[in-house]
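# An overview of the molecular structure
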Amino acid sequence: MRLNKLLLFIALLYCSIGFGQSQLYNSYKSEGEFGIAVGAGHYFGDLNTRAAINRPKFSGGVYYIKQFNNYIGLKLSADYAFLAYSDIYSKNATQRARNLSFNTNVWEGALSGYFNFFRFIPGVSGYRFTPYLSLGIGVFSYDPYAYLQGTKYFLRPLGTEGQNADSGRKQYGTMALCFPLTLGFKYSINENMNVFAEVGYRFTNTDYLDDVSTTYAGPDAFMTTNSDETTEVDYPAYYLQDRSYETGTSIGVKGRQRGNSTQKDSYVLFHLGVSFNISSYKCPTPSSSK
């Protein structure tokens, strides 16, 4: 008899839990979530043509998701990434001889569509995790710079590909569009908090994230003199547009290929973070009895 009562108690307890979770399943409504993340960013472009991931730099961001249901939402995000690369990291001898480098701070804002692959109900067993995908459009600022003799120079105003000379080339801007494609995975620790990991690739509409795109303008396009006292400090554009002289014979002949203008630059962000759920519950409608 005692065994039968114990089995009956377990069965009732199981049904009670199942009923409770069923009610929570039907009454839970996700309004959205706030998230914060840190990680690393990496650049791909004319100085990193092989898409090597060997010089990651700091990145971080915040976001808000407005959830329309358990699957579909709209994501508003703000991210920062420090990006940098140099020809010295290349396995290609010609690139190492070219000897160009850059650094830049990237500040990005984006709006994306957001999709959970599984129904996500924080705190409910069986619905605590989901892979997710987002795709959108954003805008970001960038301003590449390099160091010469220990002095920091922003490269855009110098017109290193002849933009300030009579070449017909226009100076590029400090703002560009990006198209973030993000794939991630999140898990709810409890009904209020989640942890997540994601990777987001940014396609862009600029080829000057690294200040390298087309051909050399040639030394005559920059201010030079025949004085033996001319230094890098006097004419930084002349010494920064072609730095192959530091590795051997100068290769910066007018019209010679400096970059690949047929492919735009891009970057990727690897993030780990926490998010906080905004949710509501509706009271289950009692069934009517006759």
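Computed from a predicted structure; not experimentally measured.

Okay, the overall build of the protein chain next. Along the protein chain, the regular secondary structure elements total 3 helices and 10 strands. When contacts within the protein chain are restricted to residue pairs at least 6 apart in sequence, those whose partners lie at least 24 apart make up 72%. Accessible area for the protein chain stands at about 15900 Å²; split by element, carbon and sulfur atoms hold 61% of it.

As a further point, take unusual backbone geometry. At Q149, a position not held by glycine, the phi torsion is positive, near 55 degrees. Mapped onto the secondary structure, Q149 falls in the loop between β6 (145-148) and β7 (151-154). Classification of Q149 as exposed rests on a relative accessible area of 61%.

With that out of the way, let us pick up the pattern of salt bridges. Per the stated rule, a full pass over the model turns up 8 salt bridges. Salt-bridge contacts for E31 lead to K66; the nearest nitrogen and oxygen are separated by 3.4 Å. Of the two residues, E31 is situated in strand β1 (residues 28-44) and K66 in strand β2 (residues 57-67); the sequence distance between them amounts to 35 residues. Where K186 meets E33, a salt bridge forms, and the shortest distance between an N and an O atom there is 2.7 Å. Note that K186 is positioned in strand β8 (residues 175-188) and E33 in strand β1, a separation of 153 residues in sequence. Overall, E33 belongs to the buried group, its relative accessible area being 3%. One salt-bridge network, held together by shared partners, links D79, E108 and R202.

Here we come to the packing of aromatic side chains. Scanning all chains against the criterion turns up 21 aromatic pairs. Geometrically, the ring pair formed by Y43 and Y85 is tilted, given 5.9 Å between the ring centres and 50 degrees between the ring planes. On the criterion of sequence distance, the pair formed by Y43 in strand β1 and Y85 in strand β3 (residues 72-86) is long-range, its members being 42 residues apart. Here the aromatic rings of F140 and Y267 are separated by 5.5 Å at their centres, their planes lie at 75 degrees, and the arrangement is edge-to-face. Taken as a pair, F140 in strand β5 (residues 129-141) and Y267 in strand β10 (residues 266-281) lie far apart in primary sequence, 127 residues in all.

A few words now on the side chain of T204. Here T204 lies in strand β9 (residues 193-204). Within polar-contact distance, the side chain of T204 engages the backbone oxygen of T206 at 3.2 Å. Side-chain polar atoms of T204 contact the backbone oxygen of D265, separated by 2.6 Å. Ignoring any residue separated from it by four or fewer positions in sequence, one finds T204 in contact with F140, L177, C178, K264, D265, S266 and Y267.

What follows deals with the environment of T214. You can see T214 is positioned in the loop between β9 and α3 (236-241). Distance from T214 to N260, taken between C-alpha atoms, is 6.0 Å for residues 46 residues apart in sequence. When residues no more than four places from it in sequence are discounted, the contact partners of T214 are E161, R169, Y208, Q257, R258, G259 and S261. Among the polar contacts listed, one links the side chain of T214 to the side chain of E161, at a separation of 2.7 Å. Engagement of the side chain of T214 in a polar contact is seen with the side chain of R169, the distance being 3.3 Å.

In this structure, F140, Y142, L209 and Y267 are the most contacted members of the largest nonpolar core, which totals 28 residues. Those elements giving two or more residues to this core turn out to be β3, β4 (101-116), β6, β8, α3 and β10. For F140, the contacting residues outside a window of four places in its chain are V106, W107, E108, T174, M175, A176, L177, C178, T204, T206, L209 and Y267. Ranked by size, the runner-up nonpolar core spans 6 residues in total, among them A37, Y63, Y132 and F196.

What follows deals with the side chain of T104. Assignment of secondary structure puts T104 in strand β4. With a relative accessible area of 0%, T104 lands in the buried category. Engagement of the side chain of T104 in a polar contact is seen with the backbone nitrogen of D143, the distance being 3.0 Å. Here T104 is in contact with A81, F82, L83, Y142, D143, P144, Y145 and L209, once residues within four sequence places are set aside.

Conventions and cut-offs
Residues numbered from 1 in each chain as written. Predicted model: local features only at pLDDT ≥ 70, side-chain atom pairs only at ≥ 80, totals over all residues. Heavy atoms only, no water. Helix = DSSP H or I, 4+ residues; strand = E, 2+ residues; numbered from the N terminus. Contact = heavy atoms within 4.5 Å. Areas by Shrake-Rupley, 256 points an atom, 1.4 Å probe, with all protein chains shown as cover. Buried < 20%, exposed > 50% of the residue type's maximum accessible area, 1.4 Å probe, protein only. Salt bridge = Lys/Arg side-chain N within 4 Å of Asp/Glu carboxyl O. Phe/Tyr/Trp six-rings, centres within 6.5 Å; stacked < 30°, edge-to-face > 60°. Polar contact = N/O pair within 3.5 Å; in protein donor to acceptor, adjacent residues only side chain to side chain. Core = buried A, V, L, I, M, F, W, Y, C linked by side-chain atoms within 4.5 Å.

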